[in-house]
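Secondary and tertiary structure notes
So the chains spell out like this:
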Amino acid sequence: MEDYRRLLLNNKAWVAEKLALREDYFSQSAAEQKPEYLWIGCSDSRVPAEDITGAQPGELFVHRNIANMVIHTDFNVLSVVQYAIEVLAVKHIIVCGHYGCGGIRTAMSKKDLGIINQWLRHIKDVYRIHADEIEGLPNQEKQMARLVELNVIEQAKRIADLSFTQRSWLSNNKPTVHGWVYDIYSGSLNDLIRIDPQSSVDGIYAYDFSA
Ligand code: CO
């Protein structure tokens, strides 16, 4: 059997398993989605959002890209975030990075990878902002791990910088923004930052909705 056929076969087994649990499993879940969480994670195959959090279908609204970035010119991530906030009214937005991230490792190198350079450039900016702290660490492994964490914190802050996040904070007192890091070596998730609704946002990024 060709390898990819295994995935289709697995799906048949999965359908049977769900239907055995509850006959109306699919008709129920097809009716609508009301996820309480938006997950922004890395595309890395070793960080499956639902598996590592034990979330069921219908619980997580998911966006994944290289190195879990929130880039303010990326209509893809911005559309996902706006939809999650304004239509799904999620309570929490989780930005989750992971140690051993290839995107972070490559951004720390001088490799030229064509268009990917433009994506990784945003990680290089995070490095530049925190260069003193990162370069003060004793070896490359520790430096990379710290950049993974600083990048998560930075991306969580970028969610807070968005006008539609701040508007929702005022009118709905949500979402709470979280920055987490996943340890691919141990399987644990660690909490790095939590930004509560109506937290103070760095001056220049704060919007005034009174006008
Ligand atoms: Co990654």
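Residues numbered from 1 in each chain as written. Predicted model: local features only at pLDDT ≥ 70, side-chain atom pairs only at ≥ 80, totals over all residues. Heavy atoms only, no water.

**Section: the sheet that holds strand S3 (residues 92–98)**
Counted only if it meets this: Pairing between strands is defined by DSSP: at least two bridges between the two strands are required. Helical segments are the DSSP runs of H or I of at least four residues, strand segments are the runs of E of at least two, and each set is numbered from the N terminus. In this description, a line fitted to the C-alpha atoms serves as the axis of each element, helices being fitted only across the stretch in contact, and the angle between N-to-C directions of two axes falls anywhere from 0 to 180 degrees. By definition, residues are in contact when any of their heavy atoms lie within 4.5 Å.
Pairing is mixed across the open sheet formed by five strands, whose spatial order is S2-S1-S3-S4-S5. The two strands at the open ends of the sheet, each matched to only one other strand, are strand S2 (60–65) and strand S5 (189–195). Geometrically, the sheet is characterised by an average inter-axis angle of 20° between neighbouring strands, direction not taken into account. Relative to S2, strand S1 (residues 37–42) is paired through six bridges, and the arrangement is parallel. Looking at S2, one finds that Tyr-37 is bridged to Leu-60. Sheet strands touched by helix H8 (residues 140–161): S1, S3, strand S4 (176–182) and S5. Its angle to S5, the strand with the most contacts, is close to 35°.

**Thoughts on the coordination of the cobalt ion**
Heads up, the rule is: Only N, O and S atoms count as donors, using a 2.8 Å limit from the metal and a wider 3.2 Å limit for Na, K and Ca, and since water is excluded some coordination spheres may look unfilled. For each residue, the accessible area found with a 1.4 Å probe, counting protein chains only, is set against the maximum for its type, and the residue is called buried under 20%, exposed over 50%, and partly exposed in between.
Within the protein, the atoms that donate to the cobalt ion are Cys-42 (SG), His-98 (NE2) and Cys-101 (SG), at distances of 2.0 to 2.3 Å. Site description for the cobalt ion: donor spacing in sequence, C-x55-H-x2-C. The exposure classification of His-98 matches that of Cys-101, with both residues buried.

**Notes on the domain arrangement of the chain**
How we decide: Per the annotation, domain bounds derive from an automatic or database assignment of domains.
According to the domain assignment, the chain contains domain 1 (1–31) and domain 2 (36–205). Here domain 1 and domain 2 have C-alpha centroids that lie 31 Å from each other.

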